[in-house]
Number of protein chains: 4
Amino acid sequence: MTTAPPGAPDVVRSAYAQLAVTDLARSRWFWVDMLGLHVQYEDENTLYLRGTDELTHHSLVLRRGETAALDHIAYRVRTPGDLDRAWAFFSSLGCPVRRVPAGAGARGIGDAVRVIDPLGFPVEFFHHTERAERLIQRYDLRRGAEVARLDHFNLCTPDIPAAYRHYRSLGFGCSETIEGDGEHEMYAAWMYRKQTVHDVAFTGGAGPRLHHLGVATHESHQVLRTADLFGALREEHHIERGPGRHGVSNAFYLYLRDPDGHRVEIYTSDYYTGDPDHETYRWSVRDDRRRDFWGSAVIESWYKEASPVLDLEGRPRPVSDSLLDESAVRIGADGLG
Amino acid sequence: MTTAPPGAPDVVRSAYAQLAVTDLARSRWFWVDMLGLHVQYEDENTLYLRGTDELTHHSLVLRRGETAALDHIAYRVRTPGDLDRAWAFFSSLGCPVRRVPAGAGARGIGDAVRVIDPLGFPVEFFHHTERAERLIQRYDLRRGAEVARLDHFNLCTPDIPAAYRHYRSLGFGCSETIEGDGEHEMYAAWMYRKQTVHDVAFTGGAGPRLHHLGVATHESHQVLRTADLFGALREEHHIERGPGRHGVSNAFYLYLRDPDGHRVEIYTSDYYTGDPDHETYRWSVRDDRRRDFWGSAVIESWYKEASPVLDLEGRPRPVSDSLLDESAVRIGADGLG
Amino acid sequence: MTTAPPGAPDVVRSAYAQLAVTDLARSRWFWVDMLGLHVQYEDENTLYLRGTDELTHHSLVLRRGETAALDHIAYRVRTPGDLDRAWAFFSSLGCPVRRVPAGAGARGIGDAVRVIDPLGFPVEFFHHTERAERLIQRYDLRRGAEVARLDHFNLCTPDIPAAYRHYRSLGFGCSETIEGDGEHEMYAAWMYRKQTVHDVAFTGGAGPRLHHLGVATHESHQVLRTADLFGALREEHHIERGPGRHGVSNAFYLYLRDPDGHRVEIYTSDYYTGDPDHETYRWSVRDDRRRDFWGSAVIESWYKEASPVLDLEGRPRPVSDSLLDESAVRIGADGLG
Amino acid sequence: MTTAPPGAPDVVRSAYAQLAVTDLARSRWFWVDMLGLHVQYEDENTLYLRGTDELTHHSLVLRRGETAALDHIAYRVRTPGDLDRAWAFFSSLGCPVRRVPAGAGARGIGDAVRVIDPLGFPVEFFHHTERAERLIQRYDLRRGAEVARLDHFNLCTPDIPAAYRHYRSLGFGCSETIEGDGEHEMYAAWMYRKQTVHDVAFTGGAGPRLHHLGVATHESHQVLRTADLFGALREEHHIERGPGRHGVSNAFYLYLRDPDGHRVEIYTSDYYTGDPDHETYRWSVRDDRRRDFWGSAVIESWYKEASPVLDLEGRPRPVSDSLLDESAVRIGADGLG
């Protein structure tokens, strides 16, 4: 773990995401019955979900909405004082900032600060969260993909170097990148606070949009089971890409689209990044193993489609086009060029 | 596969077992909820179960009874004419033989012949059985151990060479044995008609008694999941032995005891035995890998305990003591000597 | 297992294939170092290989040749007398037939009969084969894909119903098919003698050509390891399709191309087909799960490319175009239409 | 991660152990050929090894010695300044402390401080270490157990509460404990700095002695493969306990003894402990799932045997008897009482 810079909030980890979905019952089937997330709380308008290894209130909130979108991503910070630092940090950047007192925001979450960050994403910071019953060894409650925990957010943003600089200023380390030959040709970056490959990653593309949520399982056979379950129910159209092995991160993956088209990655295997001098591993955009270690082509929709994000008033954020298009680089079987 | 000798019924495979159990609800929890067998039919007194890969009506019948016991094991034969051959074969041996017309015996089974074989076991032979809906790809119906099919019967009998000779006379091949230094010192034998390591095996011990039923899963992680499920529910006392790798058969195994003490082996990985000249592989009783390839000790109850068997009138069969006691041979960590 | 018709040779199983390869050292890297086949014998012109569960001399022969091709596929028959039946059976069909005495053909194989079958494929029948050292539990010798055994041959042939009728006349059962709406619209068929889904399958296309050899591993993680190994060595271009789950057979698969372009399928999980009344399971060509249970598109080269086959004099056999083209049927993500 | 207390060195993680072994060639077979550790450096007297996911010079040093023992365990600290803090911290406790300049100690390690800690263990602290070539995706170099990284040290010490207090004073968090009914009846504790269940754990028993080193693999099938490899080579006597599932940590485990009797745990699956308010999970010594979630008995040697440790002059440290004996508590199948 790198240390938080003076003045920046000390982020512990990616903590939860809140998605607007148009059919809560259908979303419950996807996220609870098929992916195996545990229902911590539900009412007619919301579902609070967590993985079976998670000890805090939730890692995903599904809110009934008119249109499918990302309400916000949320990071947990180390101390209550980090909320004031978050306020000051983003205010000084001229970003919209709002305090959300406990009870006014998501259930189970204490006082929070919400901002529209310099990349245009709605981001919440909080410290306090309710503890939840330990389910780590409740094998009897496991279902479907047997999701253990939220792993990361993946964001579509037009200017990867700008996203990289912003998160560096928040004290995030960088585990891996995809780069071109030019000096500033960065196509993608994976950045972390917890001791894994990432808490957040950036995919070059029109943004701000949410590319996907990454959730972790313990072993690869659980990923295969997930795909088998969708096939068994003739719901295989929810499978967008994979299973495969990522070059970046070395994780075994499967990409699914939920009933609203929100993308989720079932992700397993990772490596430790906690040493103070952990080095960034740089992939060339010309290595066809970067996106799939086995050289399989990436699906066009995976490059092009993503979820819109909302501002602090719940209005869709405008989207800017990408500066660099990785999919235009044709390498091996991959690329749309 | 070896060919059936003239006059002997042409056995296709081990097909099903019928067990008497004292608490049908509790047995349903064990076999259906925990092991994942599919309920093909049930009423207040019986449960008809099968594995998810099985295409015939059932591979296990649980009957409500006063005392826990084996009613009979059943083999499927190739043609209706093999029922007459079975009748003649066992009659000529002076064994009790009874015809059970369709409808008078187990549901879903056509005309059958039941015998008390020369080893003292109640054995049914049948040809016709109802087909059942194909569940092979219904991953959504898989539960617990995800049992795919019945694999074999394991019988406690005092005289292993006699058991071996009897099943050879029925055209069974012998895949593996455990033998001592003496010429006729056979401690155990594994015999087959279908092209796997076995349909039936013999464990030296007081008999006739049923040592266990073997059921197959596809991969080893399903065996580990089964043990985890029992632990999660604080029902770990149902786990008797394993998981481990057998030396004999090379299968990965876990032994459980059902609520009445009937033993079941969750068994995965096996090898092909279908060539006409398939040779018997002989283990020395002095090789501590024969029972567990990793050298783990066998549990005393596994050597000593087994289920009683009933005669054709449903009375408990008397038991004779073993001639040879493998557990008395102390090898490495194994043995009670 | 179905019974062999009177007059037809009693085929036990698919036994081995002999391939001509242009660079034996490079082929040795692929089949031995990467797939993990065991070298039973080698000299400067040939390699005799087998899987670690196989107890006979070889299941694959690689012969140094000018051009890459299939020399022949070989079936083991139950008795020496079945060689005469094979001679008579194919002679009566007007097929080229040749006797190959022990020593004149492949090492470790006794007297054989070779024919060009009515589908135009070079096929050998033999009974006697040398036994080989048992390696089933030699985990220390396992490498790469850890291939356990040959599973099946997959043949490209223009007229699937004709291929189906021919193999039915040889006593093969049919486990699964892909069919269209028309009465005789059969796109593919899977046929067996041993108690698995298949010994041979037919893929509609220009033929006679060898589509692939199928080799079996015990568990899916071995298939993933294989793909990882090719990626690790930057040899990912050998990976053509998958990993994925087949709808047909329910097997987990990975298709690779060897240095000459010969295709091999790493295949794991299967089901028992040995009952006398085993029914054919029929897939509609309109079900996008038939080729990949998860709905992934089939790769164009997989539909179009295959290995040429040689006649009994070693000359390339002429190829006829397909009558039906499954790849022209566009279903879901699959098809080239 | 908890924060280091003022004055205490900021420990990043358990980094490496140095063992004295009596036959370096035989130890190389065990740790390199069988466990799959990568040789970073070797000469006639030493072996420097690391797991395939580790990016620093080594996680295990094997030194040729007259008698088998632990030379020291080593923790990496966050900054060079933490070495001075370590010096001051242990000096103030009256512990033997020694500075080991770069080049005078282990290869690839910068300036270090070595102490005999209050528990009597030889412990090194260092900050600088050489980076090593990234092997994370070199699947072609994986062997045997495919060990990815060192996970933890397990120490035998007579007074568990004292060990707990000492490591708390070093800023370690406590993930799990085994406790009796009495207020200070702590039988075992698992403590961490990195975001896993532990960097160090304490087993009640005569001490100071090294109970085992824990090394991590990615998936459970790699643990099973390890046991299979020892069985295949008739070296199964190296397998002491397992495979099994721990109650504590929920890890899947296998315990092996190296040629000198040093114990190593192959450990897989774990959970995240990085949140600032991560709670300790307390097991009752009366729960027979604490040591094995499946209720299997612990082996007597596992409770009783451990490796001696050396002082800063390389002399064996005296051993004190345990205050509490967990093995005397008989629960289910477990315990020697």
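Because the structure is a prediction, the values reported are computed rather than measured.

A. The arrangement of the interface of chain B and chain A in detail. Taken together, the contact pairs 11 residues of chain B with 11 residues of chain A. Across the chain B/chain A interface, buried area totals approximately 1000 Å², and carbon plus sulfur atoms make up 59% of it. Contact with chain A buries surface across chain B, with Tyr139, His221 and Arg225 of chain B losing the most and accounting together for 43% of the total. The interface formed by chain B and chain A contains 2 salt bridges. Arg225 of chain A serves as the salt-bridge partner of Glu146 of chain B, at 2.6 Å between the closest nitrogen and oxygen. At the surface where chain B touches chain A, the tally comes to 3 residue pairs in polar contact (both at pLDDT 80 or more). Per-class residue counts for the side of chain B that touches chain A are 4 nonpolar, 2 polar and 5 charged.

B. Structural view of helix 4 (residues 220-232) of chain B. Residues and elements named next belong to chain B. For helix 4, built from 13 residues, the straight-helix expectation of 18 Å at 1.5 Å per residue is met to within 8% by its first-to-last C-alpha distance of 19 Å. Extensive coverage of helix 4 is indicated by the burial of 13 of its 13 residues. Arg234 sits one or two residues past helix 4 and shows a positive phi near 55°.

C. Inspection of the UniProt feature "domain: VOC" (unreviewed entry) in chain A at higher detail. Residue and element names in this part refer to chain A. On the UniProt side, "domain: VOC" (unreviewed entry) is annotated at positions that read residues 13-128 and 149-269 here. A helix fraction of 20% and a strand fraction of 41% characterise residues 13-128, whose end C-alpha atoms lie 13 Å from each other. In this annotation, residues 149-269 is assigned 19% helix and 45% strand; the end-to-end C-alpha distance for the span is 13 Å.

D. Geometry of the side chain of Arg241 of chain C. All names here are of chain C. Structurally, the position occupied by Arg241 is in strand 14 (residues 239-245). Of the side chains with opposite charge, Asp292 comes closest to the buried, unpaired Arg241, at an N-O distance of 4.9 Å. Not counting the four nearest positions on each side in its chain, Arg241 is found in contact with His246, Tyr253, Leu254, Tyr255, Arg291, Asp292, Val298, Ile299 and Trp302.

E. Layout of the pattern of salt bridges. Residue and element names in this part refer to chain A. The full count for this structure, using the stated rule, is 132 salt bridges over all chains. A salt bridge links Glu124 to Arg114; the shortest N-O distance between them is 2.7 Å. On the criterion of sequence distance, the pair formed by Glu124 in strand 8 (residues 122-126) and Arg114 in strand 7 (residues 112-116) is long-range, its members being 10 residues apart. Assessed through its relative accessible area of 1%, Glu124 is described here as buried. Among the residues examined, Arg114 registers a relative accessible area of 18% and is labelled buried.

F. Molecular detail of the relation of the copies chain D and chain A. Placing chain D over chain A gives an RMSD of 0.0 Å and needs a rotation angle of 180°, together with 0.0 Å of translation along the axis. What the superposition gives is, in effect, a two-fold axis relating one chain to the other. Distance from the rotation axis, computed per C-alpha, reaches its smallest value in chain D at Glu219 of chain D: 3.0 Å. Both copies contact each other with a shared surface, as 100% of the interface residues of chain D are interface residues in chain A too.

G. Summary view of the interface of chain D and chain A. Contact residues are listed per partner, giving 39 residues for chain D and 39 residues for chain A. For the pair chain D and chain A, the two sides together bury roughly 3400 Å², of which 45% comes from carbon and sulfur. Among the residues of chain D in contact with chain A, Arg131, Arg134 and Gln137 of chain D are the three that bury the most area, contributing 17% of the side total. Where chain D touches chain A, the interface holds 12 salt bridges.

H. Region of interest: the sheet that holds strand 6 (residues 97-100) of chain C. All names here are of chain C. One open sheet holds the 8 strands; their spatial order is 2-3-4-1-5-8-7-6, and the pairing between them is mixed. If you trace the sheet from one side to the other, it starts and ends with strand 2 (38-42) and strand 6, each paired once. Each strand of the sheet is rotated relative to its neighbour by a mean of 25°, with strand direction disregarded. Looking at chain direction, strand 6 and strand 7 (residues 112-116) are connected through 4 bridges and run antiparallel. Looking at the pairing, Arg99 lines up with Val113 of strand 7.

I. Inspection of the state of the cysteines at higher detail. Summed over all chains, the structure comprises 0 disulfides over all chains. The structure places no disulfide on Cys95 of chain A, whose sulfur is separated from the nearest cysteine sulfur, that of Cys156 of chain A, by 20 Å. We note that Cys156 of chain B lacks a disulfide partner, and the nearest cysteine sulfur, in Cys174 of chain B, lies 17 Å from it.

J. View of the pairing of strand 3 (residues 46-50) of chain A. All names here are of chain A. Extensive coverage of strand 3 is indicated by the burial of 5 of its 5 residues. Neither face of strand 3 is open: one carries Thr46, Tyr48 and Arg50, the other Leu47 and Leu49, and all of them are buried. Two strands pair when backbone bridges link them, and strand 2 (residues 38-42) and strand 3 are joined in this way by 4 bridges, in the antiparallel orientation. By the bridge assignment, Tyr41 is partnered in strand 3 with Tyr48. Here strand 2 folds back onto strand 3 in antiparallel fashion, the turn holding 3 residues. Note that strand 3 and strand 4 (residues 60-64) share 4 bridges and pair antiparallel. Bridging across to strand 4, Thr46 finds its partner in Arg63.

K. Molecular detail of the packing of aromatic side chains. Counted under the stated rule, the structure contains 80 aromatic pairs over all chains. A centroid spacing of 5.7 Å and a plane angle of 75° characterise the contact between Tyr75 of chain B and Phe172 of chain B, whose relative ring orientation is edge-to-face. Of this pair, Tyr75 of chain B sits in strand 5 (residues 69-77) while Phe172 of chain B sits in the loop between helix 3 (160-169) and strand 10 (173-179), and the two are 97 residues apart along the sequence. Measuring from centroid to centroid gives 6.0 Å for Tyr16 of chain D and Phe126 of chain D, while their planes differ by 50°, and the two rings are tilted.

L. Spotlight on the relation of the copies chain B and chain A. Of the transformation superimposing chain B on chain A, the axial component is 0.0 Å and the angular component is 180°, with the fit at an RMSD of 0.0 Å. Here 100% of the contact residues of chain B are again contact residues in chain A; the copies associate through an equivalent surface.

Criteria and thresholds
Residues numbered from 1 in each chain as written. Chains lettered and ligands numbered in written order. Predicted model: local features only at pLDDT ≥ 70, side-chain atom pairs only at ≥ 80, totals over all residues. Heavy atoms only, no water. Contact = heavy atoms within 4.5 Å. Buried area = accessible area lost by both parts, 1.4 Å probe. Salt bridge = Lys/Arg side-chain N within 4 Å of Asp/Glu carboxyl O. Polar contact = N/O pair within 3.5 Å; in protein donor to acceptor, adjacent residues only side chain to side chain. Nonpolar A, V, L, I, M, F, W, Y, C, P; charged D, E, K, R; others polar. Helix = DSSP H or I, 4+ residues; strand = E, 2+ residues; numbered from the N terminus. Expected span 1.5 Å × (residues − 1). Buried < 20%, exposed > 50% of the residue type's maximum accessible area, 1.4 Å probe, protein only. UniProt positions renumbered as here; feature names shortened; annotations may be inferred. Lys, Arg positive; Asp, Glu negative; His and termini not counted. Least-squares fit on C-alpha atoms with pLDDT ≥ 70 in both. Pairing = 2+ DSSP bridges. Axes fitted to C-alpha atoms, helices over the stretch in contact; angles between N-to-C directions. Disulfide = S-S within 2.5 Å. Phe/Tyr/Trp six-rings, centres within 6.5 Å; stacked < 30°, edge-to-face > 60°.

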